[in-house]
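Report on the structure
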Amino acid sequence: MAPENSFFESGLLDELKTELDKCVRCGECRSVCPVYEQLKLEKFTSRGRIALLDAITSRDLELNTPLGQTLDNCIMCLACQEKCGSQVKTERIIPLARALVSRKQGLPFIKKLVIKGLTLPEKTIRQAALLEPLAFKSLPMESGLRRRFPLPYVDQNQYIPRLDWPGFRASSPEVFPARGEKTTVSFFTGCLANHAFTQQAANLVKVLNALGVSVQIPKEQICCAAPMHVNGEITIARENALKNLEALSGRPAGQKIVILCASCGFTLKKVYPHLLADSPELAEKARAMADDVMDISEFLISQFDPKLLEEHFTRPLCQGLTYHDPCHLARGQGILDQPRHLLNLISRGGLVEMEKPDQCCGSGGTYGLVHKDVSQQILKAKMIRAEKTGVKLIATGCPACMIQLKSGVLKYQTGQKVVHIVDLLATALGVK
Ligand code: SF4
Ligand code: SF4
């Protein structure tokens, strides 16, 4: 049996065709696609990929290697999905298209490496953390690590976060209790905040504790499965979804799950119910859990009176700042106003919008590794717009965007600092 037959004979084909059939070929999606903006070829638009997938799934076109690469060249920024009047869900099409491609052609080496790394036992992270200084050196600035010698996939100016062992969760108590507790939340850390952006994880806890919110750390949680899902590794993604559903099931009914990573939040809210759709009972559980998942900015704005928050911000920021919308926060979860509201409170109205703040930074997880040139061109455009604001601080709400933007600052020497919104909240509350 040809390898792709396992796709054609699975329910995945019907799911894919349902989405493809919605497209009326209007081409509206082209105007917002950052990949098309750089490459100017129809085949890289949502419409172009849908036409190719139509032909492939109808067996009119054979899926060869160049076609596989074309189908893969999407950053999953969801700009086309937002623009589309026919509700074509790119968030469904791309993972399924990649599942089809990987069953025939296998995953590119770097994607395999990333996914393998995220599914290996935790002790592997320890080995990686120990070996990291051999390949990367630290510089006397708050800029992560830099490579010591030429390495595939890693540019000279690439920001490499320091790996932390044993990681945030393993070194945390089960609960961080708040004085004068008003409520309790569970914290889904995601891999990056657990092993690289541990300062941001700690800041999230301090911010919530300072506002009277106790924070539980469910210890059995694992990778949210975003890297597996977007790359078409549906079986592994489903296993992770099941494990996380279980890990987060011990909460009292209705307890919120707070997240600081845009892609983790998007995956728990929007992807898990689809991944578990083959079991009505599990899908229902996933939907119920999704209702409790909240980005940190969404949680704070929904739970606290802005006036009260402002009173708590006793150390406001005395400089202007700009904000980059993570794709999976803005379009994936519809969260645009909440971070801006908080940033304006922290800075007493100091938010300076860049042009197209919600256009992708070019990261896209493994996209930036596989399609480096396009990723870097998109990043360059973002950095030009960020620099034009004249401010020295770029805030965002996703560790993956932070890596990309920090690399942009180093590469284009803009002299700006990239921070997560929880860093600024912790400073403004005087708990950093
Ligand atoms: S905007 Fe939607 S319907 Fe129109 S071409 Fe793009 S994907 Fe198809
Ligand atoms: S998700 Fe983004 S990169 Fe992919 S086709 Fe849509 S607009 Fe283009």
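Residues numbered from 1 in each chain as written. Chains lettered and ligands numbered in written order. Predicted model: local features only at pLDDT ≥ 70, side-chain atom pairs only at ≥ 80, totals over all residues. Heavy atoms only, no water.

**So, the overall build of the protein chain**
Stated formally: Under the scheme used here, helices are H or I runs from DSSP no shorter than 4 residues and strands are E runs no shorter than 2 residues, and both carry numbers assigned from the N terminus. Exposure is judged per residue with a 1.4 Å probe applied to protein chains only, and the accessible area is read against the type maximum: over 50% gives exposed, under 20% gives buried, and values in between give partly exposed. Between two residues, a contact is recorded if the distance between any of their heavy atoms is within 4.5 Å. For every accessible area listed, the method is Shrake-Rupley and the probe measures 1.4 Å; residues are considered covered only by the protein chains on display.
Helix and strand counts for the protein chain stand at 23 helices and 10 strands. Taken across its 432 residues, the protein chain has 56% of its residues classed as buried. A separation threshold of at least 6 residues defines the contact pool for the protein chain, and within that pool the share at least 24 residues apart is 75%. Approximately 18,200 Å² of the protein chain is accessible, and the part contributed by carbon and sulfur atoms is 54%.

**A closer look at the side chain of Glu91**
Operational definition: Only four residue types enter the tally: Lys and Arg on the positive side, Asp and Glu on the negative side; His and the chain ends are excluded. Just to be clear on terms, a salt bridge is a Lys or Arg side-chain nitrogen sitting within 4 Å of an Asp or Glu carboxyl oxygen. Two N or O atoms form a polar contact when they lie within 3.5 Å of each other; inside protein one atom must be a possible hydrogen donor and the other a possible acceptor, and for residues adjacent in sequence the pair counts only when both atoms belong to side chains.
With respect to the element layout, Glu91 can be found in helix α7 (residues 90-105). Here Glu91 sits buried without a salt bridge, and the closest side chain of opposite charge, Lys270, lies 5.3 Å off (N-O distance). A polar side-chain atom of Glu91 sits 2.6 Å from a polar atom in the side chain of Gln81.

**What about the site of ligand 1?**
Stated precisely, the cut-off is as follows: Here a residue counts as near a molecule or strand whenever at least one of its heavy atoms sits within 4 Å of it. The pocket and cavity definitions rest on a 1 Å grid over protein atoms only: a 1.4 Å probe that fits but cannot leave marks a cavity, an open set with protein on both sides within 12 Å along at least five of seven lines marks a pocket, and residues lining either have an atom within 4 Å of a point. Those molecules having more than half of their atoms within 2 Å of a cavity or pocket grid point set are described as sitting in that cavity or pocket.
Surveying the vicinity of ligand 1 reveals 13 residues, the closest of which are Cys23, Cys26, Gly27, Cys29 and Cys84. One can see that ligand 1 is located within the second largest cavity.

**Considering the packing of aromatic side chains**
Note the threshold: By convention, a stacked pair of Phe, Tyr or Trp rings (six-membered ring in the case of Trp) has centres within 6.5 Å and planes under 30 degrees apart, an edge-to-face pair has planes over 60 apart, and any other such pair is tilted.
Summed over all chains, the structure comprises two aromatic pairs. Ring geometry for Phe168 versus Phe176: centroids 6.2 Å apart, planes at 15°, classification stacked. We note that Phe168, like Phe176, is buried. Between Phe168 and Phe187 the ring centres are 5.9 Å apart and the planes differ by 65°, which places this aromatic pair in the edge-to-face class. Of this pair, Phe168 sits in the loop between β2 (145-147) and β3 (175-176) while Phe187 is found in strand β4 (residues 183-188), placing the two residues 19 residues apart along the sequence. The exposure class of Phe168 is buried, given its relative accessible area of 7%. Grouped by ring-pair contacts, the aromatic residues Phe168, Phe176 and Phe187 constitute a single cluster.

**Focus: the side chain of Arg49**
In this fold, Arg49 is placed in helix α4 (residues 46-57). For Arg49, the side chain forms a polar contact with the main-chain oxygen of Phe44, separated by 2.8 Å. A distance of 3.1 Å separates the side chain of Arg49 from the backbone oxygen of Asn73, its partner in a polar contact. Excluding anything up to four places from it in sequence, Arg49 contacts Lys43, Phe44, Thr70, Leu71, Asn73, Cys74 and Ile94.

**Concerning helix α13 (residues 234-247)**
Put simply, the test is: By definition here, a helix of n residues has an expected span of 1.5 Å times n minus one.
Taking 1.5 Å per residue, 14 residues should reach 20 Å; α13 reaches 20 Å between its end C-alpha atoms and fits that length. Its buried side turned inward, α13 meets α7, β4, α12 (226-230), α14 (262-275) and α15 (280-292).

**A short note on the environment of Phe266**
In this structure, Phe266 sits in helix α14. On the basis of relative accessibility, which here comes to 2%, the residue Phe266 falls in the buried class. Setting aside residues no more than four positions away along its own chain, Phe266 makes contact with Leu78, Glu91, Val271, His328, Gly332 and Gln333.

**Concerning the sheet that holds β3**
Heads up, the condition is: Pairing between strands requires that DSSP locate at least two bridges from one strand to the other.
Within the open sheet, the five strands sit side by side as β3-β5-β4-β6-β7. Their pairing is mixed. Looking at strand neighbours, the two that pair on one side only are β3 and β7 (293-295), the edges of this open sheet. For β4 and strand β5 (residues 213-216), the ladder comprises four bridges, and the chain directions are parallel. Looking at the pairing, Ser186 lines up with Gln216 of β5.

**A few points about empty space enclosed by the protein**
For clarity, the cut-off: Grid points are joined across faces, edges and corners, and a volume is the space filled by probe spheres set on the points. In this classification, Asp, Glu, Lys and Arg are treated as charged, Ala, Val, Leu, Ile, Met, Phe, Trp, Tyr, Cys and Pro as nonpolar, and every other residue, Gly included, as polar.
Counted under the stated rule, the structure contains two cavities of 30 Å³ or more. Around the largest cavity sit 18 residues that line it, and Ser46, Arg49, Cys74, Cys80 and Thr90 are the ones nearest its centre. Secondary structure elements with two or more residues in the lining of the largest cavity: α3 (34-39), α4, α6 (79-83) and α7. The class makeup of the residues in the lining of the largest cavity is 14 nonpolar, three polar and one charged. Contributing to the lining of the second largest cavity are 16 residues, with Cys23, Cys26, Cys29, Cys84 and Val88 lying nearest its centre. Those elements that provide at least two residues to the lining of the second largest cavity are α4 and α6. It is α4 that provides the largest number of residues to the lining of the second largest cavity, a total of three residues.

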